Amino acid sequence: NAHLATGQCAIFNLPFAMRFDAEVDEEVFKLAFSDLLIRHTGLRTLFNEGTDGSIQQVIDEKDLIQYSWFWSSAESGTSSLESEASYVFDLSKELPLRIRFFKDRKTNQQVLSFLIHHMIIDEWSLNNLMSELSDAYLARSQNQEPEWDKSAYSIHDYALAQKNRGPIAEDI
C-alpha cells in the first residue's frame, strides 16, 4: 500500500486545527469522540502488511483503552500544532487518529489539533464525521448517549454497497 511504499511518512496526514470561542469541556469531547470510535470501525483500525497486501484489524471497543489517541490541554506538554501535523503514524500499532487540545497562552482559548490518516477517511466522510461529533458532544453534554438516525457502514460494507449500486450519472 502507498503508506508503506513511501516509508511511513506524514504525506498522508490530514491535519486540522480548530480554535474555540467558547469553553469546550474536554472530557465531554473525549466521551463524544469515543462514541464515534465505537460507531465507526475504520477509526479503530490497525493495518498490517500481509502476503497479499494490507490486512485490516479492527480493535474491539473494549480494548480501546490500550491505545493513546486523546490528550487534554493539561497533557499537551511541549507538543505543538506543527509537531502534531507532522506526526508519523505506525498504523500497525496505533489508531489512525490523534486528538490533542492546547491552550493559547495569550488568549487562553482552547485549540484542538485533530490529525487523521488518509488511509481511513476522505473529505466527504470527514464532513459527516464532524456532524456526528457535534451531535455526540451535544448529547454527552446533557449526560445522554447519542442517538444515530442510521447505522454506520464499515469500510468494506460501504464499498460493497457502492459496487452493488453501480455508477450514478449525478456522481460522475
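In this text, all values refer to a predicted model and were calculated from it rather than measured experimentally. Starting from 1, residues in each chain are numbered consecutively following that chain's sequence as written. pLDDT decides what is reported in this predicted model: residues at 70 or higher carry local features, side-chain atom pairs at 80 or more are listed and counted, and totals for whole chains, interfaces and linings draw on all residues regardless. Processing note: side-chain calculations cover all non-hydrogen atoms of the structure and skip hydrogens and water entirely.

Chemist: What am I meant to see in the nonpolar core here?
Modeler: Taken as a class, soluble globular proteins show a tendency for nonpolar side chains to be buried jointly. Phe29, Phe33, Leu43 and Ile99 are the most contacted members of the largest nonpolar core, which totals 31 residues. Put simply, DSSP marks the helices as runs of H or I at least four residues long and the strands as runs of E at least two long, and each gets a number from the N terminus on. Going through the elements one at a time, helix H2 (26-39), strand E2 (45-50), strand E5 (97-103), strand E6 (110-117) and helix H4 (123-141) are the ones with two or more residues in this core. Per-element tally for this core: the top contributor is H2, with five residues. Here, two residues are considered to be in contact whenever any of their heavy atoms come within 4.5 Å of each other. With residues near it in sequence (within four places) discarded, Phe29 still touches Val24, Phe70, Ile99, Phe101, Leu112, Leu133 and Tyr137. In this description, a nonpolar core means a group of buried Ala, Val, Leu, Ile, Met, Phe, Trp, Tyr and Cys residues linked to one another through side-chain atoms lying within 4.5 Å. Buried, partly exposed and exposed residues are distinguished by accessible area as a fraction of the type maximum, computed with a 1.4 Å probe on protein chains only: under 20%, between the cut-offs, and over 50%, respectively.

Chemist: Looking at this structure, how should I read the sheet that holds E5?
Modeler: The strands that make up a sheet are held in pairs by hydrogen bonds between backbone atoms, and each pair lies either parallel or antiparallel. Any two strands are treated as partners once DSSP identifies two or more bridges connecting them. One open sheet holds the four strands; their spatial order is E1-E6-E5-E4, and the pairing between them is mixed. Two strands lie at the open edges of the sheet, namely strand E1 (13-19) and strand E4 (70-71), each paired on one side alone. Summarising the sheet, E4 and E5 pair through two bridges and their orientation is parallel. Each bridged residue has a counterpart across the sheet, and for Trp71 the counterpart in E5 is Arg100.

Chemist: How should I be thinking about H4 in this particular structure?
Modeler: The end-to-end C-alpha distance of H4 is 27 Å, a good match for the 27 Å that 19 residues give at a rise of 1.5 Å each. Listing the buried residues of H4 in full gives Leu126, Leu129, Glu132, Leu133, Ala136, Ala139 and Arg140. Seen from one end, H4 has its buried residues packed into an arc of 135°, which puts them on one side. Exposed positions of H4 whose direction lies more than 90 degrees from the buried face are Glu123 and Trp124. Looking at the packing, one finds that the buried side of H4 touches E1, H2 and E6. One or two steps after H4, the chain reaches Asn143, where phi turns positive at roughly 55°. Working rule for helices: expected span equals 1.5 Å times residues minus one. Summarising the geometry, the arc corresponds to the directions from the helix axis toward the C-beta atoms.

Chemist: How should I be thinking about the pattern of salt bridges in this particular structure?
Modeler: Note on pairing: side chains with opposite charge can pair once their charged atoms come close. For this document, the term salt bridge refers to a Lys or Arg side-chain nitrogen within 4 Å of an Asp or Glu carboxyl oxygen. Within this structure, the stated rule accounts for eight salt bridges. The partner of Arg140 in a salt bridge is Asp35, and the shortest N-O contact between them spans 2.8 Å. Within this pair, whereas Arg140 is found in helix H4, its partner Asp35 is found in helix H2, the two being separated by 105 residues in sequence. Residue classification places Asp35 among the buried residues on the basis of a relative accessible area of 12%. Between Asp63 and Lys62 there is a salt bridge whose closest N-O contact spans 3.6 Å. Exposure remark for Asp63: the relative accessible area of 25% places this residue in the partly exposed category. Put simply, Glu84, Arg98 and Arg100 are held in one network by salt bridges that share partners.

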